[in-house]
Amino acid sequence: MRKLAIGTAMSGALALTGLVAPVASAATSPDLVFSAVTVNSGKAIVVGTTATVKVPVTYTLTRPSDLTVDYKSTFAGVLLYRGTLSRMANEIDPEDAPTCTTTATTDTTVTESCKEILAIDPENLYAASDATTWKAAGLYSKIDQDDDDSDGHISLGYNYDAWGPLGSGARIKRAAKLTVNASPEPVKKGATITVTGKLTRANWETGTYAGYTSQKATLQFRAKSSNSYTTVKTVTSGTGGALKTTTKATKDGYYRYVFAGTTTTGSATAAGDYIDVR
C-alpha cells in the first residue's frame, strides 16, 4: 500500500483503497511541471540505525492558474523512489506540506519556488540495496471523500499522478563508525606502539552496526603541540572490521583512523586517542 502521510484525510482514504499503487486517470491529470529539483543540496544522505534524517528538497513548480493545491484534499510535492514509477521497489514520501512562494504568473500558469523536507526513517530502509542512488519524482494527488454521518455509506475518489525521474536524484548511504586505541600508554620514546580500531557500518535490516571488512582506513597522528593531523600509513580492515597496525612512538600526541567512505557507505573519523611518550 502506498504511504502518503499528508493529512489524516488523505492517509485514511489511502488505507481504505487497499491499492498497491494508485492509478491516475489520464483524463483528469493536471498539467504540472516540476523543475530544478535538488535533494539535500546535491550531497549524499547518510543514514544510521535509529535517528530520522531530515532531508531538504527544493524545486520549481509550474501549475495551471485555475488549479488549487490546498494540502488538505489536494497535494503536490517531490518524493524519492527506487525502481520505476509503476513498480517502485521503495519510496520516501513527503510528510508535510512544502513552503512555496510565487515567483511568476501568466494568464494561464503560476510558477512557485518550493521547499520541503523528506524525513528518512531507518525503519523504512529495508535492505542493503537501499544504499544506492534514488530517483526523484514530482507527485500530485487528489481525494474526494464523503462520509455519511450515520456511518452507513462512504464515497471515495482518488487520483494520483507522478512525473520522473527529475534532476539527479539522491544517493543514500549507510552511516559508518570508527574506533581507535593506541597502546601501551605511557610509552617510552622510540618504542613500538600498537594502534587498533574497528570499522562498522549501519545494517538497516537488523538495526545494528556490523563490521565492514576489506576497506582502507588511514592512520593519522597529531602532535600535542599541533592543530593538524598527518597520515602515518594505510590499514585494511579485517574480520569484523578490525584495524590493527604498529608504529614508533616519537612524541606526545593523538592517533586516529579515518575512513573516506564508499559509494554505499558514508565517511567516518575516530576521535583521537592520546599517547603519553616519556
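Just so it is clear, the model here is predicted, and its values are computed rather than measured. (Residues numbered from 1 in each chain as written. Predicted model: local features only at pLDDT ≥ 70, side-chain atom pairs only at ≥ 80, totals over all residues. Heavy atoms only, no water.)

When you look at the side chain of R201 in this model, what are you seeing that I'm missing?
For R201, the location among the structural elements is in strand β11 (residues 192-203). Nearest to the buried, unbridged R201 among oppositely charged side chains is E205, at 9.7 Å. Of note is the side chain of R201, whose polar atom sits 3.4 Å from the side chain of Y212. Polar contacts involving the side chain of R201 include one to the side chain of T264, which spans 3.3 Å. With residues near it in sequence (within four places) discarded, R201 still touches R174, A175, A176, T208, Y209, A210, Y212, T264 and T265. (Helix = DSSP H or I, 4+ residues; strand = E, 2+ residues; numbered from the N terminus. Buried < 20%, exposed > 50% of the residue type's maximum accessible area, 1.4 Å probe, protein only. Lys, Arg positive; Asp, Glu negative; His and termini not counted. Salt bridge = Lys/Arg side-chain N within 4 Å of Asp/Glu carboxyl O. Polar contact = N/O pair within 3.5 Å; in protein donor to acceptor, adjacent residues only side chain to side chain. Contact = heavy atoms within 4.5 Å.)

Where do I start with the sheet that holds strand β1 (residues 33-39) in this structure?
Across a sheet, paired strands are connected by hydrogen bonds in the backbone, their directions being either parallel or antiparallel. One open sheet holds the four strands; their spatial order is β1-β3-β7-β6, and the pairing between them is antiparallel. At either margin of the open sheet sits one strand with a lone partner, and together these are β1 and β6 (99-105). Going from strand to strand, the sheet's axes swing by 20° on average, the running direction of each strand aside. Where strand β3 (residues 53-64) and strand β7 (residues 109-120) come together, twelve bridges link them in antiparallel fashion. Its bridge partner being in β7, P64 is matched across the sheet by T109. (Pairing = 2+ DSSP bridges. Axes fitted to C-alpha atoms, helices over the stretch in contact; angles between N-to-C directions.)

Can you help me understand the pattern of salt bridges in this one?
A complete count under the given rule lists three salt bridges for this structure. Note that D130 and R82 form a salt bridge whose closest N and O atoms lie 2.6 Å from each other. Linking D130 in the loop between β7 and β8 (133-147) with R82 in strand β4 (residues 74-83), this pair joins segments that are 48 residues apart in sequence. Looking at R82, the relative accessible area reads 17%, which means it is buried. Across the pair D276 and R278 runs a salt bridge whose closest N-O atoms are separated by 3.0 Å. Judged by relative accessible area, which is 16%, D276 ranks as buried. Classification of R278 by relative accessible area gives exposed; the value is 65%.

Explain the environment of V235 to me, please; I cannot follow it from the model alone.
Along the chain, V235 falls in strand β14 (residues 230-236). The spacing of V235 and L219 is 16 residues in sequence and 7.0 Å in space, taken between C-alpha atoms. Setting aside residues no more than four positions away along its own chain, V235 makes contact with Q215, K216, A217, L243, K244, T245 and Y257.

Quick question: what am I supposed to make of the nonpolar core here?
Grouped burial of nonpolar side chains is what soluble globular proteins tend to show. In this structure, F34, V39, I45, Y59, L80, I120 and I172 are the most contacted members of the largest nonpolar core, which totals 29 residues. Only β1, β2 (45-47), β3, β4, β7, β8 and β9 (154-174) provide two or more residues apiece to this core. Sequence-distant contacts of I120, that is, excluding residues within four places in its chain, are made with I45, V47, A51, T52, V53, V55, I92, L125 and I172. A176, V180, F221 and Y257 belong to the second largest nonpolar core, which has 23 residues in total. (Core = buried A, V, L, I, M, F, W, Y, C linked by side-chain atoms within 4.5 Å.)

What is the right way to look at the packing of aromatic side chains in this model?
Each aromatic ring pair is characterised by the separation of its centres together with the angle its planes make. In this structure the tally under the stated criterion is seven aromatic pairs. Each ring, one from Y71 and one from F75, has its centre 5.4 Å from the other, and the planes form 75°; the classification is edge-to-face. Ring geometry for Y158 against Y160: centres 6.5 Å apart, planes inclined by 45°, an arrangement best described as tilted. Note on accessibility: Y158 and Y160 belong to one class, buried. (Phe/Tyr/Trp six-rings, centres within 6.5 Å; stacked < 30°, edge-to-face > 60°.)

In this structure, what is going on with unusual backbone geometry? I would like to understand it.
Of the consecutive residues S183 and P184, the connecting peptide bond is found in the cis state with omega at 0°. As for its position among the elements, P184 is in the loop between β10 (176-183) and β11. With omega at 5°, the peptide bond leading from E185 into P186 counts as cis. You will see that S41, though not glycine, has its phi angle at about 55°, which is positive.

How should I be thinking about the pairing of strand β12 (residues 208-211) in this particular structure?
In regular strands, side chains alternate between the two faces of the sheet. One ladder, built from four bridges, connects β11 with β12; its direction is antiparallel. Among the inter-strand pairings, N203 is bridged to a residue of β12, identified as T208. Hairpin connection of β11 to β12: four residues between the antiparallel strands, including G207 at a positive phi of 75°.

Is there a simple way to think about the pairing of β14 in this case?
Inspection of the sheet shows strand β13 (residues 216-223) paired to β14 by six bridges, in the antiparallel sense. Considered in β14, the bridge of A217 is made with V235. Between the end of β13 and the start of β14, which pair antiparallel, lie six residues.

By themselves these figures say nothing about function.
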